[in-house]
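# Fold and geometry: a report
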Amino acid sequence: MPFESPYPPVSIPEIDLWSFLFERKSKPFTDSKEIFTDSETGRCYTFGDLRSASLEFGNGIQSLWNWQRGDVMAFYTPNSIDTPPIMLGLLWAGGISSPANPLYTEHELTFQLRDSGAKAVATQLAHLEITRKAAKAAGIPEDRIILLGDQRDPSGKFRHFSDIQSPTATGHKKAVAVGAHGDLAFLVYSSGTTGLPKGVCLTHRNVIANILQMSTVDGLYFHPYGGLDGKGDKGLGITPFFHIYGLVCCVMAFIYLGWELVSMSRFDIERACQLIEKHKLSFAYVPPPVILAFSKHPVVDKYDLTSMRMLHSGAAPLTPELATSLWNRLKIAVKQGYGLSETSPVATLQLPHEWGKFMGSVGKLLPNMQAKLVDPDEEKEVAEGQPGELWLKGPNVFQGYLNLPDNTAATMSPDGYFKTGDIFVVDKHGNLTCVDRLKELIKYKGFQVPPAELEGILLGHSDIVDAGVIGIEDKEQATEVPRAYVVMKPGVATDAAKGKEITEWLASLTAPHKKLRGGLRFVKEIPKSPSGKILRRVLRDQARQESKA
Ligand code: 4UW
């Protein structure tokens, strides 16, 4: 039998995301509430600033570029407090936001710009060179590249977003379709269960639903307007805004809740501790390696972190040992959540007060969601207590992969469930625990590394005839790391120098999180099924044997 969320359903308004955030009839904070603060300069957007800055930007792109409903803008930038107002202005003007990892190479960015059909890119001065090259390759004119952040282009050629903002008087908010299959708000990239990155289509309704679903559950303990001083929580903004986790949980939900986020453009444990002490930060959404840093790094002892009442871990597995070690050291509790780009992203959350009771669990299904645990071969529900692939249904489930109907069909069941590719067990209280991953994906510190993408690049090397990539566990760093198995052309060297050469060559073509940190192994053949599919499980077993030896 499918199981339901134990929480009462939330009602999801038929409205666009901009109006949902900025036109609420009543909210428990004022327009002068600080929402995004830059950790380095102290520059800040209040709720009122966000509203007006986004209106001015939306208005600007309508008058300057004749921005149309459905036009996509890409974001290629580290965390910046300017990202939220630009994105929301874009939504106001009917646009769709497609964020990309700012460490992407030119090749990776070009792929996303082309695939998403982006008509403009927002970036920062330090990323301008790659942006220019990728935009050129994707046919985006140079005057559609805009800068954000504190640095302007000294040559004056590339406009800062503030030069585009114009007074709101002439603007027209674009009417977007808001129903169950309404207009898209975000186009984020994920490899899903197999293959290369794909555009995950998320509507305004998907995102609004997820903000409401997650804030209802977190609100049971983290009363939105509670926090340390009765003014709401103050969060550490280290989770990337370009990933669905940061984009929805840190950017959009913080605006909705009226919480303040102190934004960091890159993670540094000492700087994070300084900011917690200085701003008396009380909460953060983070991936497990950040929990590891807080629980193990010696520098943490120098700072007063007592304001931090809880951390939330998501995007990759968190072991009970790690949660316990943080508690023992700092008396900071860690609750866990689980989700995917395809579920906007949050699907389950641990109740804050249950973090210690059901350690290792990712909590219960969010309101308005249903789930099944299914035997992936038989496509039948597993017996009670048995592990099975998690299939999900709910208003936060995506619309499909952009222009890929076959991939979309393969990931949806005939009765409308989304197949996550993750294996779970569920206990009698409805607590879900992730026990394995069925799909190909590797997660390095919460970032996706699609094995098929690395295999494709490796096969492009003139000395390589076959390749298979898997993730192996790196316990010290609390993450998986990619490892490649390669078959070389006859007569080509298979020594350490050759391994280093290929590893470095691959690294030059990909973002740093895709580096072969788990090493490269020369093999005689890649194990394959009769249909030619790489048997990754065989490679994983080999890796396990090797680590035991
Ligand atoms: N345990 C084990 C987990 C977990 C996990 C995700 O890059 P994507 O598409 O999406 C994300 C979403 C992050 C996220 C979800 C829900 C949540 O509460 C939260 O904190 C607020 C963050 O990373 O990758 C999706 C894949 O990542 C793995 C899993 O394999 C999933 O299919 N994953 N969370 N707690 N694995």
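How each quantity is defined
- Residues numbered from 1 in each chain as written.
- Predicted model: local features only at pLDDT ≥ 70, side-chain atom pairs only at ≥ 80, totals over all residues.
- Heavy atoms only, no water.
- Helix = DSSP H or I, 4+ residues; strand = E, 2+ residues; numbered from the N terminus.
- Rg over C-alpha atoms; globule rule 2.2 N^0.38 Å.
- Contact = heavy atoms within 4.5 Å.
- Salt bridge = Lys/Arg side-chain N within 4 Å of Asp/Glu carboxyl O.
- Buried < 20%, exposed > 50% of the residue type's maximum accessible area, 1.4 Å probe, protein only.
- Pairing = 2+ DSSP bridges.
- Axes fitted to C-alpha atoms, helices over the stretch in contact; angles between N-to-C directions.
- Near = heavy atom within 4 Å.
- Polar contact = N/O pair within 3.5 Å; in protein donor to acceptor, adjacent residues only side chain to side chain.
- Areas by Shrake-Rupley, 256 points an atom, 1.4 Å probe, with all protein chains shown as cover.
- Disulfide = S-S within 2.5 Å.
- Left-handed = near helix turned anticlockwise from the far one by under 90°.
- Nonpolar A, V, L, I, M, F, W, Y, C, P; charged D, E, K, R; others polar.
- Core = buried A, V, L, I, M, F, W, Y, C linked by side-chain atoms within 4.5 Å.
- Phe/Tyr/Trp six-rings, centres within 6.5 Å; stacked < 30°, edge-to-face > 60°.
- Lys NZ or Arg CZ within 6 Å of the ring centre and 35° of its normal.

### Observations regarding the overall build of the protein
Within the protein one finds 15 helices and 26 strands. Compactness check: the protein gives a C-alpha radius of gyration of 23 Å against a globular reference of 24 Å for 549 residues, within 12% of the reference. C-alpha extents for the protein along the principal axes are approximately 70 × 55 × 55 Å. By sequence separation, contacts in the protein at least 24 residues apart represent 70% of the contacts at least 6 residues apart.

### Some words on the pattern of salt bridges
Any two side chains of opposite charge can pair, on the condition that their charged atoms come close. All told, the structure shown has 36 salt bridges when counted by the stated rule. Its salt-bridge partner being Lys157, residue Glu142 comes within 2.4 Å of it at the nearest N-O pair. With Glu142 in the loop between helix 5 (128-137) and strand 7 (145-147) and Lys157 in the loop between strand 7 and helix 6 (161-164), the pair connects residues that are 15 residues apart, well separated along the chain. Judged by relative accessible area, Glu142 falls into the partly exposed class, the value being 30%. Linking Glu378 and Lys380 is a salt bridge whose minimum nitrogen-to-oxygen distance equals 3.9 Å. Neither residue differs from the other here; Glu378 and Lys380 are each classed as exposed. In this structure, a network of salt bridges that share partners links the residues Glu129, Arg132, Glu142 and Lys157.

### Let's talk about the sheet that holds strand 25 (residues 479-488)
A sheet is described by the order of its strands in space; here three strands give the open sequence 24-25-26, paired in mixed fashion. The open sheet is flanked by strand 24 (464-474) and strand 26 (520-522), the only strands paired with a single partner. The average angle at which neighbouring strand axes cross in this sheet is 25°, direction not considered. Two elements, strand 25 and strand 26, share three bridges in a ladder whose sense is parallel. Bridging across to strand 26, Ala484 finds its partner in Leu520. Seen against the sheet, helix 13 (residues 451-459) touches strand 24 and strand 25 and runs at an angle of roughly 145° to strand 24. Sitting on the sheet, helix 15 (residues 536-548) is in contact with strand 24, strand 25 and strand 26, with an inclination near 60° to strand 24.

### Digging into the site of the ligand
Close to the ligand lie 24 residues, the nearest being Gly337, Ser341, Asp422, Lys439 and Lys443. Contact between the ligand and Ala315: a nitrogen atom at 3.2 Å from a main-chain N or O atom of the residue. Protein contacts shield 99% of the accessible area of the ligand, which totals 690 Å² for the unbound molecule. Looking at the shell around the ligand, the elements that each hand over two or more residues are helix 8 (244-257), strand 14 (333-339) and strand 15 (346-349). At four residues, the largest contribution of residues to the shell around the ligand is made by strand 14.

### Observations concerning the environment of Tyr256
Residue placement: Tyr256 occurs in helix 8. A relative accessible area of 13% means that Tyr256 is categorised as buried. Tyr256 sits 48 residues away from Ile208 along the chain, and the two C-alpha atoms are 9.7 Å apart. Leave out the neighbours within four places in its chain, and Tyr256 touches Phe20, Leu21, Arg24, Phe29, Ile211, Leu212 and Ser215.

### Notes on the state of the cysteines
Two cysteines, two sulfur atoms, one covalent bond between them: this is a disulfide. All told, the structure shown has zero disulfides when counted by the stated rule. Take Cys250: it sits in no disulfide, and the sulfur closest to it among the cysteines is that of Cys249, at 6.4 Å. Accessibility expressed as a relative area gives 1% for Cys250, which makes it buried. With no disulfide of its own, Cys273 lies 17 Å from the sulfur of Cys250, the closest cysteine sulfur.

### Focus: the packing of helix 10 (residues 288-296) against helix 11 (residues 320-330)
Across the interface, helix 10 lies against helix 11 with an axial gap of 8 Å and an inter-helix angle of 35°. The crossing of helix 10 and helix 11 is left-handed. Each of Pro288, Ile291, Leu292, Ala293, Phe294, Ser295 and Lys296 in helix 10 lies in contact with helix 11, whose residues at this interface are Leu322, Ser325, Leu326, Arg329 and Leu330. By residue class, the composition of the contact of helix 10 with helix 11 is eight nonpolar, two polar and two charged.

### Structural notes on the nonpolar core
Grouped together as the largest cluster of nonpolar side chains are 89 residues, with contacts concentrated most on Leu17, Leu21, Ile61, Met73, Phe186, Met252 and Ile255. Looking at which element gives the most residues to this core, the answer is helix 8, with 13 residues. Residues in contact with Leu21, not counting those within four places in the same chain, are Phe47, Leu88, Met252, Ile255 and Tyr256. Ranked by size, the runner-up nonpolar core spans 29 residues in total, among them Val262, Ala284, Ile291 and Leu322.

### A few points about helix 10
Counting buried positions along helix 10 gives eight out of nine residues, so the element sits mostly inside the fold. For helix 10, the full list of buried residues reads Pro288, Pro289, Val290, Ile291, Leu292, Ala293, Phe294 and Ser295. Summarising the contacts, the buried residues of helix 10 are in contact with strand 10 (234-237), helix 9 (269-279), strand 12 (283-286), strand 13 (310-313), helix 11 and strand 14.

### Some remarks on the environment of Glu321
Within the secondary structure, Glu321 sits in helix 11. Note on Glu321: relative accessible area 56%, which makes it exposed. Sequence separation between Glu321 and Gly360 is 39 residues; the distance between their C-alpha atoms is 8.8 Å.

### Some details on the packing of aromatic side chains
Applying the stated criterion across every chain yields a total of 17 aromatic pairs. Seen from their ring centres, Tyr338 and Phe424 are 4.7 Å apart, and the 75° between their planes marks the pair as edge-to-face. With Tyr338 in strand 14 and Phe424 in strand 20 (residues 418-426), the pair connects residues that are 86 residues apart, well separated along the chain. Joined through ring pairs, the aromatic side chains of Tyr245, Phe254, Trp259, Phe283 and Tyr285 make up one cluster. Sitting over the ring of Tyr401, Lys198 keeps its end group 5.7 Å from the ring centre.

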